[in-house]
Amino acid sequence: MSKESVNVLFVASEIEGFIKTGGLADVAKYLPLALRNLGHRVTLIMPFFRNIAHRDEAQFIDRFSIKTEAGFEKEIGLWQLMLEDICVYCIEQHDYYDRSQPYSEGEYGYPDNGERFAFFNLSVLEAAARLDLDVDIIHCNDWHTALIPYLVKTQYHAHPKLGQAKTVLTIHNAIFQGQFERRQFEMFGDLIAPLVDTLLDGYQCLNMLKAGIRFSDKITAVSPNYANELLTRLGAHGLHEFFQQRHSDLTGILNGCDYKDWNPTTDSMLPAHYSCDDLSGKWQCKEALQNELQLPVNQIPVFGMVCRLTEQKGFYILLPALELFLRHHVQVVIIGTGDSQIAQQLDRLQQRYPDKLRFVNAYSNPLAHLIEAGSDFFLMPSLFEPCGLNQMYSLAYGTIPIIRGVGGLQDTVVDYDQNQDDADGFIFYPPESSELLNLLRRALLAYLEEPEQLSLMRKRAMQREFSWDKAAHQYCDIYTQALN
Ligand SMILES: Nc1ncnc2c1ncn2[C@@H]1O[C@H](COP(=O)(O)OP(=O)(O)O[C@H]2O[C@H](CO)[C@@H](O)[C@H](O)[C@H]2O)[C@@H](O)[C@H]1O
């Protein structure tokens, strides 16, 4: 144990292995495990969504009602699952969480998301009190948990255990702010009403993330560069003044890569294994990927992409660039779910280039692993990217990332044309299709004419290390600062 052990209550709306819609879930699994490895006592807590994996293994703990002086009352069940030896408490509330998806059906968020997640925030604290948990730090993640700091300071300040707790809010993606009309919070009466009055905006809405930024003791962003971007008008999604006010409490900590789950030498989802000393398995993975997606099997360069289908990921830059890039002798494979317009455009493009583009409109972890391993290049032309995990996974798999230089992408990839001796990827900056197209062609040229350089880059990429251990140490420093 490196430092004094801290009791951390880690609150997230999704956790890899149980339920996942994006990168938040990865962090909510790997960071708690890394904190545990440093000797801290971590407890996780999340909503008991209908589709949680291992739901039938959950152990019932307790059932009780939450009442407010406004006359609102709802019963919750408290269940327990395990993430290795870490206890994961799950808040069951049928009306709120027993739905087909965590946040939205189709492309629209559930209309009562403000009420659902405000209730979750309240339930977390009620459950911690009822369980008599020792809590030094409540680690909140994104808007779904962002009322907790306010509630701790205003409703639990006299509680013998929770009253001493400090709150840390991690920003994974500040474009999602949890902005809801005030009527969604009315049933919580005086618990939330003063906050609504303080922060109400011109649309008569409460922005839950703003509440978190204002009231948490410390704020972290998921990369140093994103922390800087959050202080700017361009990068803060309208919240720059809020972040500027908390400037001295805001720190960027780069996410890690879990080298147990994402390791080409051991990955059980791959048909063959490989390392930087022997890449023959990688070429078998490439063949398996082409076979699986019914693309011509040959030595053509393959460009892969795995992500949510959303504007953030740069599709409106990528689609016009692909129109021209697919005329070259290349293959592009994309897996993702989300925006139906992006999906339709990818489908149309695939019809025009059936032997070159494969778009899979699905969420599949095995295919994501196969794309990471079987591709030569990995695409992340994001408009903004708080950290990004897939570029780290692609580096680990010797798949050269082609990225836009923003957020955490900029913190993790070294550009070939800026620093050949240390490069592991290709970077473009202006968010324009022509810039991306140039870079794609640049990468293709390197593949065709500079194979030795490319294999050095691949080797370098596979030797990079973005450990969760390092991130956990940095989070511990933030906890210590908050507690002091
Ligand atoms: N169709 C599909 N099939 C299988 N797997 C899929 C998939 N679509 C996405 N994934 C997986 O979901 C995760 C996506 O993580 P990212 O960090 O790249 O993005 P996201 O924008 O969701 O996360 C936000 O939070 C994270 C965590 O802090 C930040 O890194 C990021 O910048 C921020 O936008 C990866 O593990 C990826 O493999």
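Not measured: the values here are computed from a predicted model. (Residues numbered from 1 in each chain as written. Predicted model: local features only at pLDDT ≥ 70, side-chain atom pairs only at ≥ 80, totals over all residues. Heavy atoms only, no water.)

Enquirer: Looking at this structure, I do not really get the packing of helix α10 (residues 315–325) against helix α15 (residues 433–449). What am I missing?
Expert: When two helices pack together, their arrangement is given by the angle between their axes and by how far apart the axes lie. Remark: α10 packs on α15, axes separated minimally by 8 Å, with the N-to-C direction vectors making an angle of 50°. Classified by the interaxial angle, the pair formed by α10 and α15 is oblique. As for the relative orientation of α10 and α15, their crossing is right-handed in sense. Here α10 contributes Y316, I317, L318, P320, A321, L324 and F325 to the contact with α15, which in turn contributes S433, L436, L437, L440, R441 and L444. Partitioned by chemical class, the residues of the contact of α10 with α15 number 11 nonpolar, one polar and one charged. (Axes fitted to C-alpha atoms, helices over the stretch in contact; angles between N-to-C directions. Helix = DSSP H or I, 4+ residues; strand = E, 2+ residues; numbered from the N terminus. Parallel < 35°, antiparallel > 145°, perpendicular 65-115°, else oblique. Left-handed = near helix turned anticlockwise from the far one by under 90°. Contact = heavy atoms within 4.5 Å. Nonpolar A, V, L, I, M, F, W, Y, C, P; charged D, E, K, R; others polar.)

Enquirer: Just to check I follow, could you spell out the packing of aromatic side chains for this structure?
Expert: For any two aromatic rings, the description comes down to two numbers: the centre-to-centre distance and the angle of the planes. Here the structure, examined in full by the defined rule, presents 20 aromatic pairs. Between F72 and F119, the ring centres sit 6.1 Å apart and the planes meet at 75°, which makes this aromatic pair edge-to-face. With F72 in the loop between β3 (59–67) and β4 (73–83) and F119 in helix α3 (residues 113–130), the pair connects residues that are 47 residues apart, well separated along the chain. As far as the burial class goes, F72 and F119 line up, both buried. Over the face of the ring belonging to F48 we find R55, whose NZ or CZ atom lies 4.1 Å from the ring centre. Across from the ring centre of Y110, 4.8 Å away, lies the NZ or CZ of R99, which sits over that ring. (Phe/Tyr/Trp six-rings, centres within 6.5 Å; stacked < 30°, edge-to-face > 60°. Buried < 20%, exposed > 50% of the residue type's maximum accessible area, 1.4 Å probe, protein only. Lys NZ or Arg CZ within 6 Å of the ring centre and 35° of its normal.)

Enquirer: How should I be thinking about the sheet that holds strand β17 (residues 377–380) in this particular structure?
Expert: Paired through backbone hydrogen bonds, the strands of a sheet run either parallel or antiparallel to each other. Ordered by their spatial adjacency, six strands build an open sheet running β16-β15-β14-β17-β18-β19, and the pairing between neighbours is parallel. The open sheet has two edge strands with one neighbour each: β16 (357–360) and β19 (426–428). Ignoring strand direction, the axes of neighbouring strands in this sheet form an average angle of 15°. Pairing analysis gives four bridges linking β17 to strand β18 (residues 400–404), with the strands arranged parallel. When the sheet's bridge partners are listed, F377 is paired in β18 with I400. Running over the sheet, helix α11 (residues 340–352) touches β15 (331–335) and β16 and is turned about 150° from β16. Running at roughly 85° to β18, helix α16 (residues 451–463) makes contact with β17, β18 and β19 of the sheet. (Pairing = 2+ DSSP bridges.)

Enquirer: Any chance you could explain α15 here in plain terms?
Expert: An α-helical segment advances 3.6 residues per turn. Residues three or four places apart therefore align on the same side. In this model α15 runs 24 Å from its N-terminal to its C-terminal C-alpha over 17 residues, within 8% of the 24 Å that 1.5 Å per residue would give. Looking only at α15, the buried set comprises L436, L437, L439, L440, R442, A443, L444, A446 and Y447. (Expected span 1.5 Å × (residues − 1).)

Enquirer: What exactly am I supposed to notice about the environment of F119 here?
Expert: Residue class for F119 comes out buried when judged on its relative accessible area of 0%. For F119 and K74, which are 45 residues apart along the polypeptide, the C-alpha to C-alpha distance reads 9.3 Å. Residues within four places of F119 in sequence aside, it is in contact with I66, F72, K74, I76, Q93, Y96, Y97 and F188.

Enquirer: Where do I start with the pairing of β15 in this structure?
Expert: As a general feature of sheets, a regular strand has side chains that alternate between the two faces. Of all five residues that make up β15, five are buried, and the element is covered over most of its length. Note that strand β14 (residues 302–306) and β15 share five bridges and pair parallel. For F303, the partnering residue across the bridge sits in β15 and is V332. Sheet analysis places β15 next to β16, joined by four bridges and oriented parallel. Across the sheet, the residue bridging to V333 is R358, located in β16.

Enquirer: In this structure, what is going on with the nonpolar core? I would like to understand it.
Expert: Inside soluble globular proteins, nonpolar side chains tend to come together where they are buried. Counting residues in hydrophobic clusters, the biggest one holds 145 residues, and the most contacted among them are I138, L147, F185, F188, I192 and F243. Sorting elements by how many residues they give to this core places α3 first, with nine residues. With residues near it in sequence (within four places) discarded, F243 still touches I171, I213, I219, L230, L231, A236 and L250. Listed in part, the 40 residues of the second largest apolar core include M305, F377, F426 and L444. (Core = buried A, V, L, I, M, F, W, Y, C linked by side-chain atoms within 4.5 Å.)

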